[in-house]
Amino acid sequence: MFRSALSRVSHAARTSIMQTSYRVPAVTVTRGMSKHSTETDAELDARYEAYFSRADIDGWEIRKAMNDLCGMDLVPEPKIIIAALKACRRLNDYALAVRFLEAVKDKCGVKQKEIYPYILQEIGATLQELSIGTPEDMGYDKPELALASIYE
């Protein structure tokens, strides 16, 4: 008698557990993972220009901001590039300035022949003022030990 009662109770418990585990909840909780920025292009430019123009900026902060810019789906405006180059010059980090110019050239993508000359035209006076050469002036755009392609 006790055995049959225990068997019925365990069967009822298993059945209720199985039914609740297969049940679809009435309300599904979703988390909004998207963070929509309401910042305009002008505000973004002003923010990065002010960030690079800080007097107490250090090398790590410059690299962090440059990395953030490279991660965005945009080519930085010339005024941001000028502010970044001046920050590199304040820290006397010539290599970082040239590397940033290489990154900007790479960000131009397939429209490199259109965008990059415009950027060089806009920042040319600053490059002269700060005595920073472009990667092309220094020959960094061509590999040093590369052989001529047999397919060209």
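Residues numbered from 1 in each chain as written. Predicted model: local features only at pLDDT ≥ 70, side-chain atom pairs only at ≥ 80, totals over all residues. Heavy atoms only, no water.

A. Expanded view of the overall build of the protein chain. When its secondary structure is counted, the protein chain shows 7 helices and 0 strands. Listing every helix and strand of the protein chain by position from the N terminus yields α-α-α-α-α-α-α. Here the protein chain, with 152 residues, has 26% of them falling under the buried criterion. Sequence separation of 24 or more characterises 67% of the internal contacts of the protein chain that already satisfy a separation of 6 or more. Roughly 11,600 Å² of accessible area belongs to the protein chain as shown, and the carbon and sulfur atoms make up 56% of that amount. (Helix = DSSP H or I, 4+ residues; strand = E, 2+ residues; numbered from the N terminus. Buried < 20%, exposed > 50% of the residue type's maximum accessible area, 1.4 Å probe, protein only. Contact = heavy atoms within 4.5 Å. Areas by Shrake-Rupley, 256 points an atom, 1.4 Å probe, with all protein chains shown as cover.)

B. Spotlight on the side chain of Asp 45. Tracing the backbone shows Asp 45 in helix H2 (residues 41–52). One buried charged residue, Asp 45, remains without a salt bridge, the closest side chain of opposite sign being Lys 79 at 4.4 Å. When residues no more than four places from it in sequence are discounted, the contact partners of Asp 45 are Glu 77, Lys 79 and Ile 80. (Lys, Arg positive; Asp, Glu negative; His and termini not counted. Salt bridge = Lys/Arg side-chain N within 4 Å of Asp/Glu carboxyl O.)

C. Structural view of the nonpolar core. Ranked by internal contacts, the top residues of the largest apolar core, which has 29 residues, are Phe 52, Ile 62, Met 66, Ile 81, Leu 85, Ile 123 and Ile 132. Elements with a minimum of two residues in this core: H2, helix H3 (59–71), helix H4 (78–90), helix H5 (94–107) and helix H6 (112–130). The greatest single-element share of this core, amounting to 8 residues, is contributed by H4. (Core = buried A, V, L, I, M, F, W, Y, C linked by side-chain atoms within 4.5 Å.)

D. Looking closely at a nonpolar patch on the surface. Residues Tyr 94, Met 138 and Tyr 140 make up a contiguous nonpolar surface patch of about 290 Å² in total accessible area. For Tyr 140, the position within the fold is in the segment after helix H7 (135–138). (Patch = residues over 30% accessible without salt bridge, like charges linked within 9 Å, V, L, I, M, F, W, Y side chains within 5 Å.)

E. Representation of the packing of aromatic side chains in the model. Following the criterion strictly, the structure yields 2 aromatic pairs and no others. For the pair Tyr 48 and Phe 52, a centre-to-centre distance of 6.4 Å together with 35° between the ring planes defines the contact as tilted. Taken as a pair, Tyr 48 and Phe 52 lie in helix H2 at a separation of 4 residues, close to a single helical turn. Classification of Tyr 48 by relative accessible area gives buried; the value is 6%. According to the relative accessible area criterion, Phe 52 is buried, its value standing at 0%. A centroid spacing of 6.1 Å and a plane angle of 75° characterise the contact between Tyr 51 and Phe 52, whose relative ring orientation is edge-to-face. By relative accessible area, which is 24% here, Tyr 51 ends up partly exposed. (Phe/Tyr/Trp six-rings, centres within 6.5 Å; stacked < 30°, edge-to-face > 60°.)

F. Region of interest: the confidence of the model for the protein chain. Looking at the protein chain, the pLDDT average stands at 85 and 80% of residues meet or exceed 70. The least confident element of the protein chain is helix H1 (residues 2–22), whose mean pLDDT is 65; the most confident is H4, at 96. (pLDDT = per-residue confidence, 0-100.)

G. Local environment of H6. Along its length, H6 reaches its greatest deviation from straightness, about 55°, at Ile 123. For H6, the secondary structure elements touched by its buried residues are H4, H5 and H7. Ser 131 lies just past H6 and shows a positive phi near 55°. (Bend = angle between axes of the 7 residues up to and from the residue.)

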